[in-house]
Amino acid sequence: MKAFIAFTKKEFTESLRTYRLIVLAAVFLLLGLMSPLTAKLLPEIMGSIDLGDGVFITMPEASAMSSWEQFFGYIGQMGMLALIITFGGLMANELSRGTLINLLTKGMKRQTVILSKFLTASVLWAGSYALSLAVCYAYTAFFWPGGVLSNAFLAFFSLWLFGEFLIALLIFGGVLFGNFYGSLLGCFGVIIILSTLNLFPALSKFNPSSLAAQTLNLLSAQKEAADYLPAFIICAAAAALLVAAAIAVFNKRRV
Amino acid sequence: MNTLSVKNLSKSFGVNKVIDGISFDVPEGSVFGFIGANGAGKTTTMKMILGLLPADGGEIFVRGERVCFGATETNRHIGYLPDVPEFYGYMKPKEYLLLCGEVAGLAASETARRSIRLLEMVGLSNANKKIGAFSRGMKQRLGVAQALLNEPKLLICDEPTSALDPMGRKEVLDILKQIKGKTTVVFSTHILSDVERVCDRVAVLSGGRIALCGTLSELRARHKADSVLIEFASQANKARFTADAGALLKNAVSADLELTLHVADIANAHREILRVLYANEIMPLKLEILEPTMESLYLEVAK
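Bear in mind that the values here come from a model prediction, so they are computed numbers and not experimental data.

Some thoughts on the overall build of chain A
- Within chain A, the secondary structure is distributed over 11 helices and 0 strands.
- Shown N-terminal to C-terminal, the secondary structure of chain A runs as helices and strands in the order α-α-α-α-α-α-α-α-α-α-α.
- When its C-alpha atoms are laid out on the principal axes, chain A stretches across 75 × 40 × 35 Å.
- A buried classification covers 47% of the 255 residues belonging to chain A.
- Counting only contacts in chain A whose residues sit at least 6 apart along the sequence, the fraction spanning at least 24 positions is 80%.
- Summed over its atoms, the accessible surface of chain A is roughly 11700 Å², and 71% of this surface lies on carbon and sulfur atoms.
- In chain A, which carries 16 positive and 11 negative side-chain charges, the distance between the mean positions of the two groups comes to 28 Å.

Next comes the structure, spelled out in structure tokens:
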């Protein structure tokens with residue numbers, strides 16, 4: 001336990017001093033700000049463009065829902081990309097540089113490394129995401145007061161859960177390949193496969209990537225929580241399995 | 001008691017058999033030199049002792065406890081200095097040692113006390129900058145400090161001096177000399193003069209096997225002296241000597257004013273040399289029976 005606390009402390013210090021924390025928080029803050037602003041300004045910008053002969057594009061009036069639409073679009077794509085790039089080297093860099101050898105030969109258990117890294121990354125991700133969400137929520141309420149969101153907790157939670165899945169995937173890839181690019185490629189590979197599977201509507205109910213792309217439908221009450229329940233369970237189970245697999249592989253890996 | 005015991009250890013990478021059934025013991029308190037060419041398997045052996053690599057066959061015991069790959073209980077007895085120690089560049093030396101102490105389960109106050117002493121010993125007391133800005137020699141010395149932090153019974157150093165300049169080498173060797181007696185040291189190297197400076201026991205690894213193993217004095221005695229070096233004051237003296245020396249010159253090596261004679265019976269040869277010198281009234285600058293050096297022993301077994 002003592003080693004776990006010490007290593008976790010080191011992880012947070014590292015995130016702070018290598019600017020990982022600041023970059024992640026800044027990116028998510030920006031995405032949170034941009035969502036309501038884009039929703040508000042896009043119809044006005046588009047409406048002001050004269051296509052010639054007095055033809056204008058008319059967009060439906062912006063609403064709170066268009067702000068959340070932007071939010072899910074930004075976080076689900078750019079946010080996840082930022083997450084992947086920030087945490088791609090989390091495990092991989094330690095292995096490729098050999099910085100763990102001094103600590104492991106002092107008797108630190110290998111699972112401590114994985115669990116501690118997963119915890120730190122989860123906290124950073126949750127914090128940045130909460131920041132983004134809070135900012136977007138405040139601005140959305142300011143521009144379009146009085147709106148009601150259905151299934152809000154579940155919709156926002158699902159995006160967070162998908163982020164957890166990616167973190168577990170990155171750590172597993174890092175342990176497996178031992179370098180930054182392997183970890184990154186592995187993660188992108190899985191995302192591409194999952195996105196391809198999403199082309200089949202019948203599968204989307206079970207597909208973790210629905211949690212990042214489609215749970216907006218929960219907010220607008222077009223879908224119900226039960227529609228995504230299998231995807232929730234599969235995503236959470238997959239994340240847990242990946243962490244367990246990362247520990248198992250790391251225990252048998254030469255360092 | 002043996003601090004480290006390696007029994008019949010073997011390891012292959014693919015079809016390449018790197019370690020082929022080696023056995024050796026390291027008694028408590030000794031400084032053990034592990035010698036071999038680049039790629040001979042020194043690092044592989046050390047990593048197996050630390051449980052960082054699985055062995056294909058054989059057993060390793062540290063203070064009587066068996067080493068298992070992966071979760072390595074025996075590492076609590078061991079301090080390890082990798083060939084190129086890597087640190088977190090954003091930390092300062094004291095912070096890094098504090099992390100090491102916490103990981104090893106030491107109390108913070110104890111870690112702080114030991115850190116001050118160790119940093120002083122390795123000459124980094126005043127290096128209060130981030131490790132990222134350290135030179136290679138400084139990193140190596142910090143590596144020694146972190147390896148000694150948990151006061152290990154066994155210190156394993158992987159080529160601690162090979163990448164350092166002469167000053168850095170001397171400093172690291174001096175540190176090893178300082179801890180001699182308190183801690184058992186195993187260190188690998190291919191610099192033979194380092195071995196002669198600090199080791200009392202050696203093993204030479206060649207072709208995946210132990211080609212030579214024992215204390216330095218044992219090895220010297222076993223490969224007994226059979227060479228005599230004579231240095232002459234002038235070429236004329238040397239010429240007069242060679243004209244009269246006869247059978248002595250059978251395996252002689254001549255260089256400038258020196259003559260090295262390789263003989264079968266050193267006592268007889270010595271008598272004969274003195275006779276020739278006396279008879280020809282030659283006063284040599286130097287007459288020396290050559291001790292077998294680590295280099296000659298090494299070259300003999302690593303052929």
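Concerning the interface of chain A and chain B
- In this assembly, 29 residues from chain A lie in contact with 28 residues from chain B.
- Here chain A packs against chain B, burying approximately 2600 Å² in sum over the two surfaces, 57% of which is carbon and sulfur.
- Contact with chain B buries surface across chain A, with A:Asn102, A:Thr105 and A:Lys106 losing the most and accounting together for 27% of the total.
- Here chain A and chain B share 3 salt bridges between them.
- With its nearest N and O atoms 3.7 Å apart, the salt bridge here joins A:Arg97 to B:Glu86.
- The tally of links from chain A across to chain B stands at 11 residue pairs in polar contact (both at pLDDT 80 or more).
- Broken down by secondary-structure element, the contributors of at least two residues to the side of chain A that touches chain B are helix H1 (2-17), helix H4 (89-97) and helix H5 (101-104) of chain A.
- No other element matches H1(A), which puts 9 residues into the side of chain A that touches chain B.
- Looking at the side of chain A that touches chain B residue by residue, the class counts come to 9 nonpolar, 8 polar and 12 charged.

Observations concerning the sheet that holds strand E1 (residues 2-13) of chain B
Residue and element names in this part refer to chain B.
- Across the sheet, which stays open at both edges, the 4 strands sit in the order E2-E1-E4-E5 with antiparallel pairing between neighbours. Both outer strands of the open sheet, strand E2 (16-27) and strand E5 (65-66), are each paired with one neighbouring strand and no more.
- Both E1 and E2 contribute to a ladder of 9 bridges, which runs antiparallel. Considered in E2, the bridge of phenylalanine 13 is made with asparagine 16.
- Each of E1, E2 and strand E4 (57-62) touches helix H1 (residues 42-49); the most contacted strand, E1, lies at about 120° to it.

Observations concerning the sheet that holds strand E14 (residues 286-290) of chain B
Residues and elements named next belong to chain B.
- Read across the open sheet, the 4 strands follow the order E12-E13-E11-E14; overall the sheet is antiparallel. Since the sheet does not close on itself, it has two edges, and those belong to strand E12 (253-255) and E14, each with one partner. Averaged over all neighbouring strand pairs, the angle between strand axes comes to 15°, with direction disregarded.
- Here 5 bridges tie strand E11 (residues 227-231) to E14, and the two strands are oriented antiparallel to one another. Bridge pairing links valine 228 to isoleucine 289 in E14.

Notes on the layout of surface pockets
All names here are of chain A.
- A volume near 610 Å³ is recorded for the largest pocket.
- Around the largest pocket, the lining comprises 28 residues; the ones closest to its centre are Gly107, Met108, Lys109, Arg110 and Thr112.
- Every element with two or more residues in the lining of the largest pocket is listed here: H1 and helix H6 (110-143).
- Sort the elements by how many residues they give to the lining of the largest pocket and H6 lands first, with 4 residues.

Digging into the packing of aromatic side chains
All names here are of chain A.
- A full pass over the atoms with the stated rule returns 24 aromatic pairs over all chains.
- Geometrically, the ring pair formed by phenylalanine 153 and phenylalanine 157 is stacked, given 5.5 Å between the ring centres and 20° between the ring planes. Of this pair, phenylalanine 153 and phenylalanine 157 both sit in helix H7 (residues 152-177), 4 residues apart, roughly one helical turn.
- Under the relative-accessibility criterion, phenylalanine 157 is labelled partly exposed at 29%.
- Relative to phenylalanine 165, the ring of phenylalanine 162 lies with its centre 5.8 Å away and its plane at 35°, an arrangement referred to as tilted. Placement of both phenylalanine 162 and phenylalanine 165 in helix H7 is noted, with a separation of 3 residues, approximately one turn of the helix. Both residues of the pair, phenylalanine 162 and phenylalanine 165, count as buried.
- In this arrangement the basic side chain of arginine 110 is found over the ring face of phenylalanine 250, its NZ or CZ atom lying 5.4 Å from the centre.

Some remarks on the packing of helix H2 (residues 93-103) of chain B against helix H4 (residues 136-148) of chain B
Residue and element names in this part refer to chain B.
- Viewed as axis vectors pointing N to C, H2 and H4 meet at an angle of 30°, and their least axial separation amounts to 10 Å. Classified by the angle between their axes, H2 and H4 sit roughly parallel to one another. Note on packing geometry: the crossing formed by H2 with H4 is right-handed. Within the contact between the two elements, H2 uses Pro93, Tyr96, Leu97 and Cys100 and H4 uses Leu142, Ala145 and Gln146.

Topic: H2(B)
- In terms of burial, H2(B) is a largely internal element, 8 of the 11 residues being buried.
- The set of residues buried in H2(B) consists of B:Pro93, B:Tyr96, B:Leu97, B:Leu99, B:Cys100, B:Gly101, B:Glu102 and B:Val103.
- Close packing links the buried residues of H2(B) with H1 and H5 of chain A together with helix H3 (108-121) and H4 of chain B.
- Of the residues trailing H2(B), B:Gly105 is marked for its positive phi of about 85°.

Thoughts on unusual backbone geometry
Residues and elements named next belong to chain B.
- A positive phi is found at glutamate 159, a non-glycine position, where the angle reads about 40°.
- With respect to the secondary-structure elements, glutamate 159 resides in the loop between strand E7 (154-158) and helix H5 (166-179).
- By relative accessible area, which is 13% here, glutamate 159 ends up buried.
- The phi dihedral of aspartate 256 falls on the positive side, at around 50°, and the residue is not glycine.
- Following the sequence through the fold, aspartate 256 ends up in the loop between E12 and strand E13 (258-262).
- Of the residues examined, aspartate 256 reaches a relative accessible area of 62% and is grouped as exposed.

About the cut-offs
- Residues numbered from 1 in each chain as written.
- Chains lettered and ligands numbered in written order.
- Predicted model: local features only at pLDDT ≥ 70, side-chain atom pairs only at ≥ 80, totals over all residues.
- Heavy atoms only, no water.
- Helix = DSSP H or I, 4+ residues; strand = E, 2+ residues; numbered from the N terminus.
- Buried < 20%, exposed > 50% of the residue type's maximum accessible area, 1.4 Å probe, protein only.
- Contact = heavy atoms within 4.5 Å.
- Areas by Shrake-Rupley, 256 points an atom, 1.4 Å probe, with all protein chains shown as cover.
- Lys, Arg positive; Asp, Glu negative; His and termini not counted.
- Charge placed at Lys NZ, Arg CZ, Asp CG, Glu CD.
- Buried area = accessible area lost by both parts, 1.4 Å probe.
- Salt bridge = Lys/Arg side-chain N within 4 Å of Asp/Glu carboxyl O.
- Polar contact = N/O pair within 3.5 Å; in protein donor to acceptor, adjacent residues only side chain to side chain.
- Nonpolar A, V, L, I, M, F, W, Y, C, P; charged D, E, K, R; others polar.
- Pairing = 2+ DSSP bridges.
- Axes fitted to C-alpha atoms, helices over the stretch in contact; angles between N-to-C directions.
- 1 Å grid on protein atoms, 1.4 Å probe; cavity = no way out; pocket = protein on both sides within 12 Å on 5 of 7 lines; lining within 4 Å.
- Points joined across faces, edges and corners; volume = space filled by probe spheres on them.
- Phe/Tyr/Trp six-rings, centres within 6.5 Å; stacked < 30°, edge-to-face > 60°.
- Lys NZ or Arg CZ within 6 Å of the ring centre and 35° of its normal.
- Parallel < 35°, antiparallel > 145°, perpendicular 65-115°, else oblique.
- Left-handed = near helix turned anticlockwise from the far one by under 90°.

Shape is all these values report; function is a separate question.
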